[in-house]
Amino acid sequence: MASEDLIHLLPDSVANQIAAGEVIQRPASVVKELVENSVDAGATSIQVRLTDAGRTNIQVIDNGKGMSETDARMAFERHATSKISNPSDLFALHTFGFRGEALASIAAVAQVELRTRREEDELGTVIRIAGSKLESQEVEMCPVGTNFQVKNLFFNVPARRKFLKSDQTEMNNVLAEIERIALVHPEISFAVYRNEVELINVPQTTTRQRIQHLFGKKLGQELLPVDVETTLVKITGCVGIPESARKKGAHCFFFVNGRYMRHPYFHKAVMEAYAHLIPASEQVPYFLYFTVDPSRIDVNIHPTKTEIKFEDEQAIWQILMASVREVLGRSNAAPSIDFDVADCPDIPLFAANATTTPPAAPPMPKLDNSYNPFRQSGQDSYKRQAIDWDKLYKGIGKSTLGDEVPFDDVPTEGAAGIEVHSLNETNGFALPPVSEDETISGSVEASVTDCYQYKGRYIVTSMKSGLMMVDQHRAHIRILYHRYITQLSRQRSTSQGMLFPEMLSLSVSQAVAMEHLLDDFGSLGFDITNMGGGSFAIQGIPAGIEGLTPSALVEHILADAIERGDVSKEEIHRTMALTMARSAAIVMGQVLTMEEMTRLIDELFACDVPAYTPDGKKTFIIIDEDEVSKRFR
Ligand code: ADP
Ligand code: MG
């Protein structure tokens, strides 16, 4: 056989499509690239319109400098850019774009219509390109600026289209990209419409105001200004007061030289500044803007990556930590903290008279060991403990062992319960395999008669095969989870009206998710009304969680649901049930009576999977008889 040369160059359309795979992954990437181009073009007003979360239509309209006829055509060529020309420019970037890849990539995987005019031109240019093929180029009357319309994203790449997630998730991603850009450009007004409904409309303003417009007045009031300048770095922006800390969904943003970045290492620096002020498991919101010499960072790692490498990382870590700490000290940030103390009982209170230095010796935590959550009269500084045990069990029938209701009729679940259902999903609910000897049947435990509470945390009791230690907090999580999941699957729960409705003020992306979840919140016993403009009124809460702060709980559930993204109804239910269970469960340090301890154990073993919490932590351990006698040898 005559040997033939096999290698040839790929046609541009194919090369562009391959490149697009890197840059354009979802509607949010298109929005990001187009909006960044608008910013680079000096726009003072940018409008984004989406249909079907951007699947069928994305439109970005700006009042920037526009393009000439030739530039409009050139803009779609790969490596065509007006933003850099020399290799050295790469190290002094002042624009978002520089690769000249975005438009070529978008045009390779969608149907694009560009309308643009410069101020000095009388007529504008309209170009239509689909799948990298130029379909038409005309001269037309149009306003100054640029108007991109991107239709049917991935129309020619079905595999990619399939990869897209629910509208809800795609929309969240789009909004997140817009938030990131809007936060660095308060001098530009932004409007976002989804299916013709206005979601965001923020005027030209200051950074501080922009944060409030995007995330609500309440957050705006919880921020402290940061402003430091050293030879290495200038840091401006703001950080939350300790009271703004939350377990999930805190708005944490870093920007460097006008670009959003993720930086886990610097995140730790901020959190370090709050050490002893907030529980270790919580986060505070922050919006921090770094300015550094562009030659000392590398933004070039990957077109879609938001990690950025700093040459002076360690030095900046120190500066950042010290600056935030100083801001907190100066503002006397934390005179009274009333936190949710689950799993974290020792939060030293920040000295009220602290100046710029952190307190030398952390004040001792105040724990009232005599507090009994089962007694109705209990009043304590820890809100979560004011839970009425009896109410927690109202509505689920007598729930001692052997009762038929209601745990075993959760629909669609196998014999081993909900957890097995989610075993092979990487959703955080995966349950470790239960080994033979850990699977205790209820009958064994029915004999629990005598208990002892160890360290206010574990319930010790003897059983046939040995000594059992139950983690009271985790056991209660398991029990409550069971209760909530049952209520959710039956759409039935008791709601308790609130005397004074609590207002929630949510960011746009949170509000979008909230609407989606309103029914589920309803099933749980929450009575929440959409007041418009990101405000929601909580008017009723599930019976039995009266001691908790409803807004914090709702925000937490919401953040959890957003973080987990695209999930089925059942998974949302699991998230909600677990979040509520975690918040409502008795904490360690709570003294229990004998009756309460035996009841807790009874309830635990009435659950389908008593040995583990829904997120896979052991609820009890057994030290078997052999082990005990071995110790005495
Ligand atoms: P890059 O932004 O990396 O230069 P793009 O493919 O995103 O590459 O854009 C190519 C070029 O098209 C830009 O360099 C710019 O000159 C021009 N351009 C794109 N969008 C706009 C816009 N909205 N207004 C004016 N010019 C634009
Ligand atoms: Mg660009």
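For the structure itself, consult the block above.
One structure accompanies this document, and this report is about it.

Scoring rules and cut-offs
Residues numbered from 1 in each chain as written. Chains lettered and ligands numbered in written order. Predicted model: local features only at pLDDT ≥ 70, side-chain atom pairs only at ≥ 80, totals over all residues. Heavy atoms only, no water. Helix = DSSP H or I, 4+ residues; strand = E, 2+ residues; numbered from the N terminus. Expected span 1.5 Å × (residues − 1). Buried < 20%, exposed > 50% of the residue type's maximum accessible area, 1.4 Å probe, protein only. Arc of directions from axis to C-beta. Contact = heavy atoms within 4.5 Å. Near = heavy atom within 4 Å. Polar contact = N/O pair within 3.5 Å; in protein donor to acceptor, adjacent residues only side chain to side chain. Areas by Shrake-Rupley, 256 points an atom, 1.4 Å probe, with all protein chains shown as cover. Nonpolar A, V, L, I, M, F, W, Y, C, P; charged D, E, K, R; others polar. Phe/Tyr/Trp six-rings, centres within 6.5 Å; stacked < 30°, edge-to-face > 60°. Lys NZ or Arg CZ within 6 Å of the ring centre and 35° of its normal.

Considerations on unusual backbone geometry
A positive phi angle, close to 55°, is found at Ala 53, a residue other than glycine. Structurally, Ala 53 can be placed in the loop between strand S1 (45-51) and strand S2 (57-62). For Asn 195, which is not glycine, the phi dihedral falls at a positive 45°. Locating Asn 195 in the fold gives a position in the loop between strand S7 (189-194) and strand S8 (197-202).

A word on helix H1 (residues 12-23)
A rise of 1.5 Å per residue sets the reference length of H1, with its 12 residues, at 16 Å; its end C-alpha atoms lie 16 Å apart and thus fit the reference within 8%. Those residues of H1 lying buried are Ala 15, Asn 16, Ala 19, Ala 20 and Val 23. Each buried residue of H1 sits inside an arc of 140° when the element is viewed along its axis, so together they form one side. Elements that come into contact with the buried residues of H1 comprise helix H2 (27-40) and helix H4 (102-108).

Points about the site of ligand 1
By nearness alone, 20 residues border ligand 1, and Asn 37, Thr 81, Ser 82, Lys 83 and Gly 100 come closest of all. The side chain of Asp 62 places a nitrogen or oxygen atom 2.9 Å from a nitrogen atom of ligand 1. Taking Leu 103, its main chain carries an N or O atom lying 2.9 Å from an oxygen atom of ligand 1. In isolation ligand 1 exposes 530 Å². Once the protein is present, 93% of that is buried. Listing elements by their share of the shell around ligand 1, those giving two or more residues are H2, H4 and strand S6 (145-151). Here the shell around ligand 1 is composed, by residue class, of eight nonpolar, eight polar and four charged.

Section: the packing of aromatic side chains
Counted by the stated rule, this structure contains 19 aromatic pairs. Ring centres 6.1 Å apart and planes at 35° place the aromatic pair Tyr 265 and Phe 266 in the tilted group. Look at Phe 521 and Phe 526: their rings are 5.4 Å apart centre to centre, the planes differ by 85°, and that puts the pair in the edge-to-face class. With respect to class, Phe 521 is no different from Phe 526; both count as buried. Clustering of aromatic rings is evident, with ring pairs tying together Phe 254, Tyr 265, Phe 266, Tyr 286, Phe 290, Phe 310 and Trp 317. The positively charged end of Arg 49 is found above the aromatic ring belonging to Tyr 193, 4.1 Å away from the centroid.

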